[in-house]
Amino acid sequence: MSKQPLPVVDLNAVACCAPIAARPMDDGQAATVAPMFKALGDPVRLRLMSMIASVPEICVCDLTPAFDLSGPTISHHLRVLRDAGLVDSERRGTWVWYRVRPEAFRQLGALLDIPTAARAAE
């Protein structure tokens, strides 16, 4: 089975989506957001995301030693996070530095928000 690369997420398209608890998503909205969730659905990527999000920015040289994986494997996971629109990166000399894209997290958070009416019913 051949793996298809995840599409690069257009964060402007994600902003259009109401919270999933407010109304069902249409096909286009789901197709736009799914790559972000798919990227976070892997334990290594979720852990990488947690490490990146916990600081303003982090060097790949500080991420790689935390895993029992090869450098190229870590680079692949970081590329998936980048392609999903969750992180930005910047090359400085021989190292690449990563930081969270705050707008992506705000949009995912808004998407997962429970509307006030639903909270009141709890």
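Residues numbered from 1 in each chain as written. Predicted model: local features only at pLDDT ≥ 70, side-chain atom pairs only at ≥ 80, totals over all residues. Heavy atoms only, no water.

Student: Would you mind showing me how to read the packing of helix H3 (residues 43–53) against helix H5 (residues 71–83) here?
Tutor: The axes of two packed helices give the description: the angle between them and the distance between them. H5 packs onto H3 with a crossing angle of 75 degrees between their chain directions and a minimal axis gap of 10 Å. It follows that H3 is roughly perpendicular to H5 by the angle criterion. Residues Val44, Arg45, Leu48, Met49 and Ile52 of H3 lie in contact with H5, whose contacting residues are Ile74, His76, His77, Leu78, Val80 and Leu81. In terms of residue class, the contact of H3 with H5 is built from eight nonpolar, two polar and one charged. (Axes fitted to C-alpha atoms, helices over the stretch in contact; angles between N-to-C directions. Helix = DSSP H or I, 4+ residues; strand = E, 2+ residues; numbered from the N terminus. Parallel < 35°, antiparallel > 145°, perpendicular 65-115°, else oblique. Contact = heavy atoms within 4.5 Å. Nonpolar A, V, L, I, M, F, W, Y, C, P; charged D, E, K, R; others polar.)

Student: Teacher, can you tell me more about the pairing of strand S3 (residues 95–100) here?
Tutor: As a general feature of sheets, a regular strand has side chains that alternate between the two faces. Side-chain alternation along S3 places Val96, Tyr98 and Val100 on a buried face and Trp95, Trp97 and Arg99 on a face that remains uncovered. With two bridges joining them, strand S1 (residues 58–59) and S3 adopt antiparallel strand pairing. Residue pairing for S3: Ile58 is matched across the bridge by Tyr98. From the end of strand S2 (residues 87–92) to the start of S3, which pair antiparallel, there are two residues, and Gly93 there has a positive phi angle of about 65 degrees. (Buried < 20%, exposed > 50% of the residue type's maximum accessible area, 1.4 Å probe, protein only. Pairing = 2+ DSSP bridges.)

Student: Would you explain the sheet that holds S3 in this entry?
Tutor: Within a sheet, each strand pairs with its neighbour through backbone hydrogen bonds, oriented either parallel or antiparallel. Read from one edge to the other, the open sheet built from three strands follows the order S1-S3-S2, with strand pairing classed as antiparallel. With partners counted over all chains shown, the strands left at the sheet margins are S1 and S2, one partner each. Together, S2 and S3 form the strand contacts of H5, whose direction differs from that of S2 by roughly 125 degrees.

Student: What should I look at first to understand a nonpolar patch on the surface in this one?
Tutor: Together, Ile20, Phe37 and Leu112 make up an exposed nonpolar region whose accessible area comes to about 270 Å². Among the structural elements, Leu112 can be located in helix H6 (residues 102–112). (Patch = residues over 30% accessible without salt bridge, like charges linked within 9 Å, V, L, I, M, F, W, Y side chains within 5 Å. Areas by Shrake-Rupley, 256 points an atom, 1.4 Å probe, with all protein chains shown as cover. Salt bridge = Lys/Arg side-chain N within 4 Å of Asp/Glu carboxyl O.)

Student: Sorry, what's going on with the pattern of salt bridges here?
Tutor: Between side chains of opposite charge, a pair can form as their charged atoms come close. The tally for this structure, following the rule as stated, stands at six salt bridges. Put simply, Arg92 and Glu90 hold a salt bridge, and the shortest N to O gap is 3.4 Å. For Arg101, the salt bridge goes to Glu103, with nearest N and O atoms at 2.9 Å. Note on Glu103: relative accessible area 26%, which makes it partly exposed. Within the structure, one salt-bridge network assembled from shared partners comprises Glu57, Glu90, Arg92 and Arg99.

Student: How should the packing of aromatic side chains be read in this particular structure?
Tutor: Two numbers describe a pair of aromatic rings. These are the distance of the centres and the angle of the planes. The tally for this structure, following the rule as stated, stands at zero aromatic pairs. Over the aromatic face of Phe67 sits the side chain of Arg47, whose NZ or CZ is 4.4 Å from the ring centroid. (Phe/Tyr/Trp six-rings, centres within 6.5 Å; stacked < 30°, edge-to-face > 60°. Lys NZ or Arg CZ within 6 Å of the ring centre and 35° of its normal.)

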